[in-house]
Amino acid sequence: MAKITILFEGQRRELNEFGFAIFDQMIRYDVPLDVPGNMTLTLRPEGLRKSVGPGVMEVVLNLAEGFTAGIFANWLYGKWQKSGEPRSITIKIENRYYQLDPEVLAKALEGAAKKAEKAEEKETSLRS
């Protein structure tokens, strides 16, 4: 199963609101949440940071066979709207930053999924 790491960066208060919206008021680390598009989303524990700058929320998107990036992107956009549309939050996928736009996000996720699947295939063939 391919995985994509997604970083959300922004003001800590807005990230908390967004996290509560995504995880339905139940913030649990390392517990997969079923999300639309045939995927699961897992919140990673926040590493200790000594900075006073923006906060970071790291999640891992686990892709299953036949995942649909567009459905997930629209779901995530709905959660962003539910949290008050915080403008400070940006998304980082594959070392590139994106604003929360469903179409742009879906394309970025599809590209990251292809890379993750190729890397997984390569790793499997090396083990054989």
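Predicted model, so just to flag it, every value in this text is computed and none were measured.

Draft legend 1. Just the overall build of the chain, in detail. In terms of regular secondary structure, the chain is built from 3 helices and 6 strands. A compact globule built from 128 residues would reach a C-alpha radius of gyration of about 14 Å, and the chain, at 15 Å, matches this within 12%. Along the first, second and third principal axes, the C-alpha atoms of the chain reach 45 × 30 × 25 Å. Within the chain, the proportion of its 128 residues that are buried is 43%. At a minimum sequence separation of 6, the contacts of the chain that also span at least 24 residues come to 64%.

Draft legend 2. Fine view of the nonpolar core. If you look at the biggest cluster of nonpolar residues, it comprises 36 residues, and the most contacted ones within it are Ile 6, Phe 8, Leu 61, Phe 72, Leu 76 and Ile 93. For this core, the secondary-structure elements that each account for two or more residues are β1 (3-10), α1 (12-22), β2 (33-35), β3 (39-43), β4 (55-63), α2 (69-82), β5 (90-93) and α3 (102-127). With residues near it in sequence (within four places) discarded, Leu 76 still touches Phe 8, Phe 18, Ile 22, Ile 91, Leu 100 and Leu 105.

Draft legend 3. Quick peek at the pairing of β4. Among the 9 residues that make up β4, 8 are buried, leaving the element largely enclosed by the rest of the structure. Sheet topology places β1 next to β4; 8 bridges connect them, and they run antiparallel. Residue pairing across strands places Phe 8 opposite Met 57, the latter belonging to β4.

Definitions and limits used
- Residues numbered from 1 in each chain as written.
- Predicted model: local features only at pLDDT ≥ 70, side-chain atom pairs only at ≥ 80, totals over all residues.
- Heavy atoms only, no water.
- Helix = DSSP H or I, 4+ residues; strand = E, 2+ residues; numbered from the N terminus.
- Rg over C-alpha atoms; globule rule 2.2 N^0.38 Å.
- Buried < 20%, exposed > 50% of the residue type's maximum accessible area, 1.4 Å probe, protein only.
- Contact = heavy atoms within 4.5 Å.
- Core = buried A, V, L, I, M, F, W, Y, C linked by side-chain atoms within 4.5 Å.
- Pairing = 2+ DSSP bridges.

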